[in-house]
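Residue strings, one per chain:
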Amino acid sequence: MEDSQPLTRSEERRQNGHYRWSTHTPGSKVVEDFRRRLKYFFMNPCEKYRARGRKPWKLMLQILKIAIITIQLVSFGLSNEMMVTFKDENLMTFRHLFLKGYKDHRQGNYALYTKADVYDHIHYIINTYINLQNMTVGNLAYERTDGEFTPLSVCQEFYKNCSIDPENETFDIDPHVDKGTKKNCCINTKNNHLTVELVLLSVNIYLTLKTINLQTVRHHELPDCYDFHIMIMFDNRAHSGKIKVDVENDVTIYECRDWNVTGTSGKNDYLLLWFDSVVILACFTSLILCTRSVINGIQLQFEFTVFFHVYYKKIVTWSDRMEFVNGWYILIIVSDTLTIAGSALKIGIQTKFLTNYDVCSILLGTATMLVWVGVIRYLGFFKKYNILILTLRAAFPNVIRFCCCAAMIYLGYCFCGWIVLGPYHDKFRTLDRVTECLFSLINGDDMYATFLKMRDKGYMVWLFSRLYLYSFISLFIYMVLSLFIALITDTYETIKHHQQDKVPVSELQAFIAECRDQPESGRYQTDEKPASCCLSPCCCFG
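Residues numbered from 1 in each chain as written. Predicted model: local features only at pLDDT ≥ 70, side-chain atom pairs only at ≥ 80, totals over all residues. Heavy atoms only, no water.

In the annotation of an unreviewed UniProt entry, the entry for the chain reads Mucolipin TRP cation channel 3, and the organism field reads Lates calcarifer.

Participant: Which parts of the structure should I look at to understand the UniProt feature "transmembrane region" (unreviewed entry) in the chain?
Facilitator: The UniProt feature table records "transmembrane region" (unreviewed entry) at residues 270-290, 328-349, 361-379, 399-421 and 467-488. Along residues 270-290 one finds 100% helix and 0% strand; the C-alpha atoms at either end are 30 Å apart. Structurally, residues 328-349 is divided into 100% helix and 0% strand, and its ends, taken at the C-alpha atoms, are 31 Å apart. (UniProt positions renumbered as here; feature names shortened; annotations may be inferred. Helix = DSSP H or I, 4+ residues; strand = E, 2+ residues; numbered from the N terminus.)

Participant: I tried to follow the packing of aromatic side chains on my own but got confused; where do I start?
Facilitator: For any pair of aromatic rings, the description rests on two quantities: the centre-to-centre distance and the angle between the ring planes. Summed over all chains, the structure comprises 23 aromatic pairs. Plain terms: the ring middles of Tyr413 and Phe476 are 6.4 Å apart, the flat faces sit at 85 degrees to each other, and that makes the pair edge-to-face. Of this pair, Tyr413 sits in helix α11 (residues 383-421) while Phe476 sits in helix α14 (residues 459-501), placing them 63 residues apart in sequence. Phe476 matches Tyr413 in its accessibility class, with the two residues each being buried. In this structure an aromatic cluster arises from ring pairing among Tyr410, Tyr413, Phe428, Phe464, Tyr468, Phe472 and Phe476. Taking NZ or CZ as reference, Arg144 lies 4.1 Å from the ring centre of Phe149, over its face. (Phe/Tyr/Trp six-rings, centres within 6.5 Å; stacked < 30°, edge-to-face > 60°. Buried < 20%, exposed > 50% of the residue type's maximum accessible area, 1.4 Å probe, protein only. Lys NZ or Arg CZ within 6 Å of the ring centre and 35° of its normal.)

Participant: Please clarify how the layout of surface pockets should be interpreted in this entry.
Facilitator: Of the voids in this model, the second largest pocket is the one considered here, and its volume is about 670 Å³. Surrounding the second largest pocket, 29 residues form its lining, Glu221, Leu222, Asp269, Leu272 and Gln350 being those nearest its centre. Within the residue set of the lining of the second largest pocket, elements represented by two or more residues are α3 (57-98), β14 (224-235), α6 (267-312) and α8 (327-350). Of the residues forming the lining of the second largest pocket, the biggest block, 6 residues, is contributed by α3. Tallied by class, residues from the lining of the second largest pocket come to 12 nonpolar, 11 polar and 6 charged. Residues from two domains meet in the lining of the second largest pocket; each of domain 1 (45-77 + 267-384) and domain 2 (83-263) gives at least three. (1 Å grid on protein atoms, 1.4 Å probe; cavity = no way out; pocket = protein on both sides within 12 Å on 5 of 7 lines; lining within 4 Å. Points joined across faces, edges and corners; volume = space filled by probe spheres on them. Nonpolar A, V, L, I, M, F, W, Y, C, P; charged D, E, K, R; others polar. Domains from an automatic or database assignment.)

Participant: For this particular structure, what's the right way to read the pattern of salt bridges?
Facilitator: Where charged atoms of side chains with opposite charge meet at close range, the side chains can pair. Inspection of every chain in the model, using the stated rule, returns 9 salt bridges. For Lys65, the salt bridge identified is with Asp336, shortest N-O distance 2.4 Å. Taken together, the residues span a long stretch of sequence, with Lys65 in helix α3 and Asp336 in helix α8 at a distance of 271 residues. Asp336 matches Lys65 in its accessibility class, with the two residues each being buried. A salt bridge links Asp426 to Arg429, with the nearest nitrogen and oxygen atoms 3.1 Å apart. (Salt bridge = Lys/Arg side-chain N within 4 Å of Asp/Glu carboxyl O.)

Participant: Just to check I follow, could you spell out the packing of α3 against α8 for this structure?
Facilitator: What describes two packed helices is the angle between their axes and the distance between those same axes. Where α3 meets α8, the axes come as close as 12 Å, and the angle between the chain directions of the two elements is 35 degrees. Viewed along their axes, α3 and α8 form a crossing whose handedness is left-handed. Contact residues: Lys58, Gln62, Lys65, Ile69, Gln72, Ser75 and Phe76 in α3; Tyr329, Ile332, Asp336, Thr339, Ser343, Lys346 and Ile349 in α8. Residue classes in the contact of α3 with α8 are distributed as 5 nonpolar, 5 polar and 4 charged. (Axes fitted to C-alpha atoms, helices over the stretch in contact; angles between N-to-C directions. Left-handed = near helix turned anticlockwise from the far one by under 90°. Contact = heavy atoms within 4.5 Å.)

What follows is the structure, given as structure tokens:
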């Protein structure tokens, strides 16, 4: 009858701020079995193998994944690099072909200032397009629609009604804009010439060219066919007398209609598809195993919570509960999901059904990064390496709170710099540029150039810029960064002290530490289902 009665509450006391359990904890077999079960749950794969002979399938699968996912990423990266390079080089070619006198200007610096230049450049573009195949060294061709060549389109954007008289300081304007489309362009003509008026906002020239990316043949990949939808824009929205000219293009990639590569049987394509399928299968298996482990951990967490309440009349803290949720498994699950999605997109790209290179590269790149970050978990099995993981985990909440406070000051400087210095400094022209510039200053990059840029401005703005920059650099480099480093250093010293003293830092660890059974003891060998009587008070009380 005594065994069936509720076990007495364990006396808990603190020594030097650490949890310790009395040696007179309940000696029931149920308690010892549950404590042993908890200790087994928190063992690493090597200890579990020694305890029950359970082979570390997840560990071996993760090592395999690191190899095959990295190989897959390198293969896709080389293909993606060729595609991006081909697009960028064609864009540069279009600028040299269609912009008269183009000399590799920095983007946004190519501009026109007279009406004659605007007329001359528009007619130059039209003549170049007509004689393109006689001029270019590339394999460019015109687009055909229903057997006819697609024409070049010239469209204007302008205010509907506008009367401006700067001399008398009067104006009458209707802000609504007439926009020409590629099918129905609004072209003002006078004596068969385009006219540039004060109401003009922009002139857009649309054209479509076709080409084939032949460089992939050298890398045993089938060439893709490309449609370049090109827009040449004459931007007069500022009405400052400077018309900016730039070339933009939108690319459509698809499988060529009829192809033949001598000596190629398509074997390499089938091997790549097979390899991607193996990656998907490995990641799907890993996803199932890790999901099962997370579910088991959550179930054990609930059992431990009820167990503590029944046996010790205590409520388990949130930090102890989170010990059962393995963050590394969550990271692996996210990585596997991204890899499966990215591999499916990669297969679609290889079979020419999809052309989402950017989305695929983001998915595979992020997945590979997470896989390699997950290697830290296995380094954590060694005590000398484990201190890094423990420090990151312990410091993370304080780091987040510290960053939230620092972000308020940082955003304040960002908005102030954008409003005051934006009109006078290129690095403060837009809000995103301000954030990038200030972050660079925190790391000590490009300081002198930032100061130098404001030298020729008005005295008041110059003085404000000095106060602004000196205060920001002093505050963030000498105070915020120093406090940030001190925060992590303090956590590191605390963890190091705990490891040297070998004292538990939580109730859960103190409870498990009472189990002295080593993995090789054989006491973990069991064919029975884990005891779950602690989930029911009726069972516990007999």
